[in-house]
Amino acid sequence: MRRSPRVILVTGGAGFIGSHVVRRFVNAYPDRHIINLDKLTYAGNLANLKDVQEKPNYHFVHADICDAQAVKEVFGRWQPEAVVHLAAESHVDRSIEAPDAFLQTNVMGTATLMNVALEFWRGHFEGRLFYHISTDEVYGSLGNSGYFHEESPYDPQSPYSASKAASDHLVRAYGNTYGLPYIISNCSNNYGPYQFPEKLIPLCIHNLTQRKPLPVYGTGENVRDWLYVEDHARAIELLLEKGQEGQTYLIGGRNEWRNLDLVRKLCRLYDALNPFGHKDSETLITFVKDRPGHDVRYAINPSKVEKELGWRPSVHMEEGLRRTLQWYLDNEAWLNAVVSGAYREYYSRMYERR
Ligand code: NAD
Ligand code: TYD
């Protein structure tokens, strides 16, 4: 079956991954309406969508997914046939510092969205889809071997991953109990343009330009499986169109890096670009106190999405990192705007008093 929803509600479309998804949909489907519902937290930024904001099929709604009335108004006005749900609190370190917002948005917000979807869709489930975007972190930590797959047991270790795990369970429960048509995908670490510089790669790029220390947690042995964000957005588009209802799909780049190797690689690419005559960037690498409960390794076996949808990552890490670096260098104004004000306070709390 091929779905082609005429109205798609994207939540969290002003964030990092959401903005790539919204841009992709707005450009690919001029005859469909793309509604971006976003609260514009510190991580939401309408500047991420400047290039599509004037398109007639793009519509922005400033609202909180926990606000049932606001969500009902959007459903009433636009009658979306699909929800692509990305809105979330997404940063592990912030969840350790202050978990409440994670429980509120990731758990209660997801339930609120589904309650409203049920209210509007019940009895008319045909052609409707609630697509929940989640993370591989719900599976906890791997040792040196093995991979996460669709049947891996849930074992979340941080307040962030526990809140995402709770939302995954709720989505399945709503499918099972009320017949809500859903898909869940759990993806590995994304990187690319428009990522807020609290996450490892953009934080290091920003610090490289400022010649500030590059903070590596613990000994830098932890491993993540990295995927270029546009490859994730393409997988989301494919799953929205052709994914099987009631199924879970794991998405990953088959691209594992130890944090220390990744930061070194970034340094070498940065020095090769040599934007301001900077060199010897590796000397900026600084080992700092580890994150509590730091998951050792994430790695995904994406065979299911590869076989069922023919999806493959298309951007190699070297190319993706180079593009990402170049984007941040070319978009100094974007970076300067997001690191002003509240970010400085965050950075000082997280790193200068570490
Ligand atoms: P992000 O933090 O960059 O963006 C989140 C967006 O959600 C922001 O625009 C924010 O304003 C919005 N938002 C937050 N709370 C909201 C609320 N209550 N109501 C409405 N909008 C709200 O996050 P991201 O990295 O783009 O991640 C998007 C989704 O993908 C999340 O669900 C995350 O768990 C998942 N994910 C992320 C990664 C990754 O590497 N970044 C990997 C796998 C899965
Ligand atoms: P992050 O980008 O926060 O993603 P996640 O925690 O969701 O995987 O971190 C990626 C890895 O980099 C993770 O192992 C923690 C580590 N890290 C650092 O070493 N230094 C940093 O300043 C940050 C933000 C992360």
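Summary of the structure given here. Source: prediction; values computed, not measured.

Description of the packing of aromatic side chains
Here is step 1: Tallying each qualifying case throughout the model produces 21 aromatic pairs.
Here is step 2: Ring geometry for Phe25 and Tyr29: centres 6.0 Å apart, planes at 55°, overall tilted. Like Tyr29, Phe25 is buried.
Here is step 3: Relative to Tyr328, the ring of Trp327 lies with its centre 4.9 Å away and its plane at 85°, an arrangement referred to as edge-to-face.
Here is step 4: Taking relative accessible area as the criterion, Tyr328 reaches 2% and is therefore assigned buried.
Here is step 5: Each residue in the set Tyr42, Phe196, Tyr217, Tyr343, Tyr346, Tyr347 and Tyr351 is aromatic and connected to the rest through ring pairs, giving one cluster.
Here is step 6: Arg94 extends its terminal NZ or CZ atom over the ring of Tyr42, reaching a point 3.6 Å from the ring centre.
Here is step 7: The ring of Tyr298 has Arg224 sitting right over it, with the charged end atom 3.9 Å from the ring centre.

Focus: the side chain of Asn259
Here is step 1: Checked against the element boundaries, Asn259 lands in helix α8 (residues 259-273).
Here is step 2: Judged by its relative accessible area of 11%, Asn259 is buried.
Here is step 3: When neighbours within four sequence positions are excluded, Asn259 is seen to be in contact with Leu200, Gly220, Asn222, Arg224 and His294.

Side note on the nonpolar core
Here is step 1: Counting 74 residues, the largest nonpolar core has Phe25, Val84, Tyr131 and Ile236 as the members making the most contacts within it.
Here is step 2: Sequence-distant contacts of Tyr131, that is, excluding residues within four places in its chain, are made with Val83, Val84, His85, Ile183, Ile184, Ser185, Ile236, Leu239 and Leu240.
Here is step 3: One finds Leu37, Phe75, Ala111 and Leu118 within the second-largest nonpolar core, a separate group that totals 26 residues.

Overview of the site of ligand 2
Here is step 1: Lining the immediate surroundings of ligand 2 are 18 residues, of which Glu137, Pro215, Arg291, His294 and Tyr351 lie closest.
Here is step 2: Arg224 is positioned with one of its side-chain polar atoms (N or O) 2.8 Å from an oxygen atom of ligand 2.
Here is step 3: Separating an oxygen atom of ligand 2 from a side-chain N or O atom of His294 is a distance of 2.7 Å.
Here is step 4: A total of 510 Å² of accessible area belongs to ligand 2 in isolation, and the protein chains cover 97% of it.
Here is step 5: For the shell around ligand 2, the elements supplying multiple residues, two or more each, are α6 (200-210) and β8 (214-217).
Here is step 6: Of all the elements, β8 adds the most residues to the shell around ligand 2, at three residues.
Here is step 7: Among the residues making up the shell around ligand 2, the classes are represented as eight nonpolar, five polar and five charged.

Digging into the sheet that holds strand β2 (residues 33-38)
Here is step 1: One open sheet holds the seven strands; their spatial order is β3-β2-β1-β4-β5-β6-β10, and the pairing between them is parallel. Since the sheet does not close on itself, it has two edges, and those belong to β3 (58-62) and β10 (247-251), each with one partner. Pairs of neighbouring strands in the sheet enclose a mean axial angle of 20°, with direction left out of account.
Here is step 2: Packed onto the sheet, helix α2 (residues 68-78) meets β1 (7-11), β2, β3 and β4 (82-85) and runs at close to 170° relative to β2.
Here is step 3: Running over the sheet, helix α7 (residues 229-242) touches β1, β4, β5 (129-135), β6 (182-187) and β10 and is turned about 150° from β5.

Remarks on empty space enclosed by the protein
Here is step 1: Counted by the stated rule, this structure contains two cavities of 30 Å³ or more.
Here is step 2: Surrounding the second largest cavity, Val92, Glu137, Gln157, Ser158, Arg224, Arg291, Pro292, Gly293, His294, Asp295 and Tyr298 form its lining.
Here is step 3: For the lining of the second largest cavity, a count of residues per class yields three nonpolar, four polar and four charged.

Quick word on the pairing of strand β9 (residues 223-228)
Here is step 1: Summarising burial for β9: six of the six residues are buried, a large majority.
Here is step 2: Neither face of β9 is exposed, since Val223, Asp225 and Leu227 on one face and Arg224, Trp226 and Tyr228 on the opposite face are all buried.
Here is step 3: Of the strand pairs in this sheet, strand β7 (residues 189-191) and β9 are connected by three bridges, and their pairing is parallel. Paired with Tyr191 across the strands is Tyr228, a residue of β9.
Here is step 4: Direction of pairing for β9 relative to strand β11 (residues 256-258): antiparallel, over a ladder of three bridges.

Rules behind the numbers
Residues numbered from 1 in each chain as written. Chains lettered and ligands numbered in written order. Predicted model: local features only at pLDDT ≥ 70, side-chain atom pairs only at ≥ 80, totals over all residues. Heavy atoms only, no water. Phe/Tyr/Trp six-rings, centres within 6.5 Å; stacked < 30°, edge-to-face > 60°. Buried < 20%, exposed > 50% of the residue type's maximum accessible area, 1.4 Å probe, protein only. Lys NZ or Arg CZ within 6 Å of the ring centre and 35° of its normal. Helix = DSSP H or I, 4+ residues; strand = E, 2+ residues; numbered from the N terminus. Contact = heavy atoms within 4.5 Å. Core = buried A, V, L, I, M, F, W, Y, C linked by side-chain atoms within 4.5 Å. Near = heavy atom within 4 Å. Polar contact = N/O pair within 3.5 Å; in protein donor to acceptor, adjacent residues only side chain to side chain. Areas by Shrake-Rupley, 256 points an atom, 1.4 Å probe, with all protein chains shown as cover. Nonpolar A, V, L, I, M, F, W, Y, C, P; charged D, E, K, R; others polar. Pairing = 2+ DSSP bridges. Axes fitted to C-alpha atoms, helices over the stretch in contact; angles between N-to-C directions. 1 Å grid on protein atoms, 1.4 Å probe; cavity = no way out; pocket = protein on both sides within 12 Å on 5 of 7 lines; lining within 4 Å. Points joined across faces, edges and corners; volume = space filled by probe spheres on them.

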